[in-house]
Amino acid sequence: MANTKEESPVDGSTLSSNSNVPSQPNNPLSRKLNKILETRLDNDKEMLEALKALSVFFTENSLRTRRNLRGDIERRSLTINEEFARIFKEVKEELESVHEDVQAMSTCCEEMTNRLKAAKEQTQDLIVKTNKLQGENQRLEVRAQVAQAFLAKFQLSSEEMATLRRARDAPVTEDFFKVLSRVKHIHEDVKILLRTNQQTAGLEIMEQMAVLQEKAYEQLYRWAQNECRGLTQETCDISPVLTQAMEALQDRPVLYKYTLDEFGTARRCAVVRGFIDALTRGGPGGTPRPIEMHSHDPLRYVGDMLAWLHQATASEKEHLEALLKQVTLQGVGENMQEVVGHITEGVCRPLKVRIEQVIVAEPGAVLLYKLSNLLKFYHHTIRSIIGTSVASLLMTIEEMHLLSKKMFFNSLSLHASRLMDKVELPPPDLGPTASLNQTLSLLREVLTSHDSSVVPLDARQADFAQVLSCILDPLLQLCTVSASNLGTADMATYMVNSLYVMKTTLALFEFTDKRLEMLEFQIEAHLDTLINEQASYVLTRAGLSYIYNCVQQHTAEQGPLSLLPSMDSSSVKAAMVQFDRYLSSPDTLMMPQLNFLLSAAIKEQIFRQSTELVCRAYGEVYTALTSPANTYTDPETLLPRSPQQVQTLLS
Amino acid sequence: MTAAPYNYSYIFKYIIIGDMGVGKSCLLHQFTEKKFMADCPHTIGVEFGTRIMEVHGQKVKLQIWDTAGQERFRAVTRSYYRGAAGALMVYDITRRSTYNHLSSWLTDARNLTNPNTVIILIGNKADLEAQRDVTYEEAKQFAEENGLLFLEASAKTGENVEEAFLEAAKKIYQNIQDGSLDLNAAESGVQHKPSAPQGGRLNADSQPAKEGCSC
Ligand SMILES: Nc1nc2c(ncn2[C@@H]2O[C@H](COP(=O)(O)OP(=O)(O)O)[C@@H](O)[C@H]2O)c(=O)[nH]1
Ligand SMILES: [Mg+2]
C-alpha cells in the first residue's frame, strides 16, 4: 500500500511530464516506462491479490528477502499445492466411498426391480382372478337381492312365523290376521311361479303355505271355538277380534260352521238359563216378579213368556249380526236364521210345557181365543226377527197357536151341542131365550177380543167365518127348533126377535157384513109372514075379511056378487060400518105379538106394510062392488069411501 | 279369558210408553238414526232399536223397546216393562188428552217395573209451540210430584232427544254406582261386561251361581 501511495504522485508527475514531452515516443525505454506508468495497478485485481498474498509473508523488505523472494514464493506455492493435493485426496476418497454406496444402491435397486418384475409377473394371474371374482361377486350380490326379494315376497319372516306358531291358548291378535292374510296372498301369488320355469319352487312354496294356512286356520278355529264356548253369560258382547276370526274362517266352511255351532250352543244355554231365571227368579228384589207368579193369569203368563222370548230373540240376532258382520259368504243370511233358530231351540220345551198346561186347563173359549191370537201375534213378531218360520221356536209357537185355536173351537162346539141338548121353549114374551142371550154374549166377547186383537187385519179375517158359523149356525138351528111348536105369528115374532138380537150383536163388529146380510134375509122372510098375519088380523076385525074372500074367489059363473050368501047390501053395509070404525082409529087393531117385537122399527114396518095390504084389499072390494055386473043398487051409498080416501085416512 | 277390547261395558234396557201418536217411534228413530221420520207407520205391538252411547266415560248399549200406544196392544206391551232399566213416558204437548192419560201410564210403569227403574217424562213436539196445550210448568210439577225426570223434546228438530236418553242413562249409571241397582240380579234391565270395571260396592257382592250349563 505504501507503494501505491508513494507511486501516485510519481504517476501524476509522469503524466504531466508526458504531455510535456511528446517528442520522444519511440524510445523503447520510454515505451517501457510508459507502459509501466500507464499500468493502473488499482485496476489489476490479479495483481492486487497477488500483492495482498505476498504481503502476508513478505513482511520485511530487505535484500535478502528480495533475493529469496522467488524461492519463498515457490516454496510457498509448493506447500499450498501439497496442501491442495492432500485435501483433494481426502475428497477423492470420500467420493470413492460415495461411489461405492451408490454402486450398492444401484445393485439393490436393480435387484428390487427384478424382484418387482418377478412379483408383477406372478400377480398378473391373481389380478385376473380377482377381477373375475369381483364380477362374480357382483352377480351374486344381485342374485342375493333377487333371492331376498323373492323370500320377502314368498316366505314369512321369522316374526311372522312366530306369530303363527304362538301357543295354543295365547290370545289371537290383529297381527295374526295380518300374517294369515299374507300366507293366503303368498299362496295366491305363488301361482305366478307355476307359469314360469320356477315350477318346483312354486310348488314347494305352495305346499308350504298350504300347510301353514291349515295350521293357522286350525289354531284360529280352536281359539274362536274356545272363545264362543265362553259366551254363556246373558250379556254377550262380541269382541272385534272374534268378528275378524269369523271373517277369516269363512274360507274354511267346515271350521266356520263348527264355530258357529259352538256359538249357537253357548248362546242357547244362555237363553235357556235366562228364560228359566225369568220364569222362576224374577228381577232384583223380586221385581219384576218371576213370570211364573202370574200363571194364574193365563194371558199375562203366556204374554210375558213370549215377550221375554221376543226380546231374547232380538238380542241374539244382534249378537249374531255382530259376529258375522264381516262375513261376505253367500247365504250368510240363512246361516243367521239357522243359528238363531238353534239358539232359541232350547226354550221350546219349557215354553211348550207351560203353554200346554194353560190350554189344557180349559180357561174358557174367550181366553183360548185370546191366547191363540196372542200366539199368532208373537209368531208374526218373532218371525220378522228370525226371518224364517222353520225355526223350532216358531214351530212351537205355531203348534201352540193351533192347539189353542182347536181348543177354542172345541169349546165353542161343546157350547153349541149343549144348547141343542136341552132346547128351551120360547118365553111368553117371544123374546130371545136365556141360552141365546148367553151364547150371544159369548160371541160378543169373542168378537170383542177379536176386534182388539193384536193380530194383523188379514190374519184376523181368516178364521172369522169359522167363529161365526161355529156359533151362529147352531143358534139359528136352536131357534128354529124351539119355535117349531108355535103358531105362525108367534113363531115369526119369536124368530124375528131372535134374529134381530143376533144381528144387533154382529153389527158392532168388523167382517160381519155377509152374515148380517144373511140374517137380514131371514128376518125379511119372517116379516112377510107377520105383515100378512097383521093384515088378515085387521081385515077380520074390521069386518072386511069375508067380503074380501068372496071378491077374491068370485067367478063369473057364480053370477053377481050381490046374490052370494051374506053379500047382500045390508050385510055389506054392516061390514062397512065396522070398517069405518077401524078407519077412525087404525092403531087399535094390532096383533098382540107385534107388541113383543123388540125392534120398534120392525114393528113400524109391519104396521105400515100391513096397512098397505088392507088398502089394497079395500081397493079390490070397492072395484068389485061398484061394478054394475055385481048388481048392487046405489053402490056409492053402500061404499061411501073411495080407496083414495081410505089410503089417506090410513097413512 | 281374552284381553280383546269390547264394544261396550253395559247394556241398558229402555221402554218407550205413552198414547198413540205422541211421537214415540219418531223419538226412537231420531235417536238411533238421527233423522225425523215424518210418515212413520203405526207401531204394531213392539219394535226395537239400539244405539251405543257414552255415559260418564263408559260405553253403554241402549236397547230400546218402542211400544204401540193403542189400547188393543196394551196387554202385549205390558209384558215389555219387566226388566226395563229406564222408561221414557211420552206425551204430546199439543194434545192435552195425552197428558191426562199419563197417570194411567205411570201406574202401569210403577206396577210392572222394578223400583229402580228410571222414568223420564217427555213432552214431545216442542217444536209446535203455537199449538201448545200443556204448559211446561204444570208438567214439570207433575214430574216432580211423581219423582220423574222431565224434559220437553222434539223428535222433529231433534231438540233434547239425545238428552232425554242420556239423562235417564246417567241416572241409571248413578244407581249402579251407589249400589242401589243390583247388577247381579236377573232382569235388572242392565247387563254388564265381566271385563269392565265395576262401580262401588258391586264387587263385594258374590257372583250369582251362573256356572255350569245344563243343556
Ligand atoms: N211436529 C212434530 N211432529 C211429530 C213429532 N214427533 C212425531 N211427530 C208426528 O206425530 C205423528 C205420530 O208419530 P209416531 O212416532 O208414529 O207416534 P207413536 O204412535 O207415539 O209412535 C207422526 O205423524 C209424526 O210425524 C215432533 O216432535 N214434532
Ligand atoms: Mg209408534
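Residues numbered from 1 in each chain as written. Chains lettered and ligands numbered in written order. Predicted model: local features only at pLDDT ≥ 70, side-chain atom pairs only at ≥ 80, totals over all residues. Heavy atoms only, no water.

- The name given to chain B in an unreviewed UniProt entry is Ras-related protein Rab-14, with Crenichthys baileyi as the source organism.
- Recorded in UniProt under Catalytic activity (unreviewed entry), the annotation for chain B is "GTP + H2O = GDP + phosphate + H(+)".
- According to UniProt, the comment filed for chain B under the heading Sequence similarities (unreviewed entry) is "Belongs to the small GTPase superfamily. Rab family." (UniProt positions renumbered as here; feature names shortened; annotations may be inferred.)

- An unreviewed UniProt entry annotates chain A as Conserved oligomeric Golgi complex subunit 6 of Fundulus heteroclitus.
- Recorded in UniProt under Function (unreviewed entry), the annotation for chain A is "Required for normal Golgi function."
- Chain A has a UniProt comment under Sequence similarities (unreviewed entry) that states "Belongs to the COG6 family."

1. Side note on the overall build of chain B
- Scanning chain B for helices and strands turns up 6 helices and 7 strands.
- Sequence-ordered secondary structure for chain B, helices as α and strands as β, is β-α-β-β-α-β-α-α-β-α-β-α-β.
- Taking all 215 residues of chain B together, the buried fraction comes to 54%.
- In chain B, the share of contacts with a sequence separation of at least 24, taken over all contacts with a separation of at least 6, comes to 72%.
- When the accessible surface of chain B is totalled, it reaches about 9,100 Å², and 48% of it is carbon and sulfur. (Helix = DSSP H or I, 4+ residues; strand = E, 2+ residues; numbered from the N terminus. Buried < 20%, exposed > 50% of the residue type's maximum accessible area, 1.4 Å probe, protein only. Contact = heavy atoms within 4.5 Å. Areas by Shrake-Rupley, 256 points an atom, 1.4 Å probe, with all protein chains shown as cover.)

2. Section: the overall build of chain A
- A count of helices and strands for chain A gives 24 helices and 0 strands.
- Scaling as 2.2 N^0.38, a compact globule of 651 residues should have a C-alpha radius of gyration of about 26 Å, whereas chain A reaches 75 Å, well beyond that.
- With respect to the principal axes defined by its C-alpha atoms, chain A has extents near 250 × 75 × 60 Å.
- Taking contacts inside chain A between residues at least 6 apart in sequence as the whole, the part at least 24 apart equals 73%.
- Counting 67 positive and 82 negative side-chain charges, chain A places the averaged centre of each group 10 Å from the other. (Rg over C-alpha atoms; globule rule 2.2 N^0.38 Å. Lys, Arg positive; Asp, Glu negative; His and termini not counted. Charge placed at Lys NZ, Arg CZ, Asp CG, Glu CD.)

3. A few points about the coordination of the magnesium ion (ligand 2)
Residues and elements named next belong to chain B.
- The coordination sphere of the magnesium ion (ligand 2), as far as protein atoms go, consists of S25 (OG) and T43 (OG1), spread over 2.0 to 2.1 Å. Of this pair, S25 sits in helix α1 (residues 24-33) while T43 sits in the loop between α1 and β2 (46-55), and the two are 18 residues apart along the sequence.
- Note on T43: relative accessible area 9%, which makes it buried. (Donors = N, O, S within 2.8 Å, 3.2 Å for Na, K, Ca; no water.)

4. Thoughts on the nonpolar core
- By size, the foremost hydrophobic cluster in this structure holds 158 residues, and its most contacted members are L220, F263 and L324 of chain A together with M89 of chain B.
- With residues up to four places along the chain from it excluded, the contact list for L324 of chain A reads M246, Y256, L260, V332 and M336 of chain A.
- Core analysis: the next-biggest nonpolar cluster, separate from the first, contains 33 residues, Y10, V55, A168 and Y173 of chain B among them. (Core = buried A, V, L, I, M, F, W, Y, C linked by side-chain atoms within 4.5 Å.)

5. Brief notes about the pattern of salt bridges
Residue and element names in this part refer to chain A.
- Applying the stated criterion to the full structure yields 36 salt bridges over all chains.
- One salt bridge connects E83 with R86, and the closest N-O pair in it is separated by 3.0 Å. Of this pair, E83 and R86 are both found in helix α4 (residues 63-154), 3 residues apart, which corresponds to roughly one turn of the helix.
- Among the ionic pairs, E520 bridges to K503, the shortest N-O distance being 2.7 Å. (Salt bridge = Lys/Arg side-chain N within 4 Å of Asp/Glu carboxyl O.)

6. Structural notes on the side chain of T232 of chain A
All names here are of chain A.
- Mapped onto the elements, T232 comes out in the loop between α7 (199-229) and α8 (240-249).
- A residue is classified by how much of its surface remains accessible, and T232, at 18% relative accessible area, is buried.
- Setting aside residues up to four positions removed in sequence, T232 forms contacts with A266, R267, A270 and R273.

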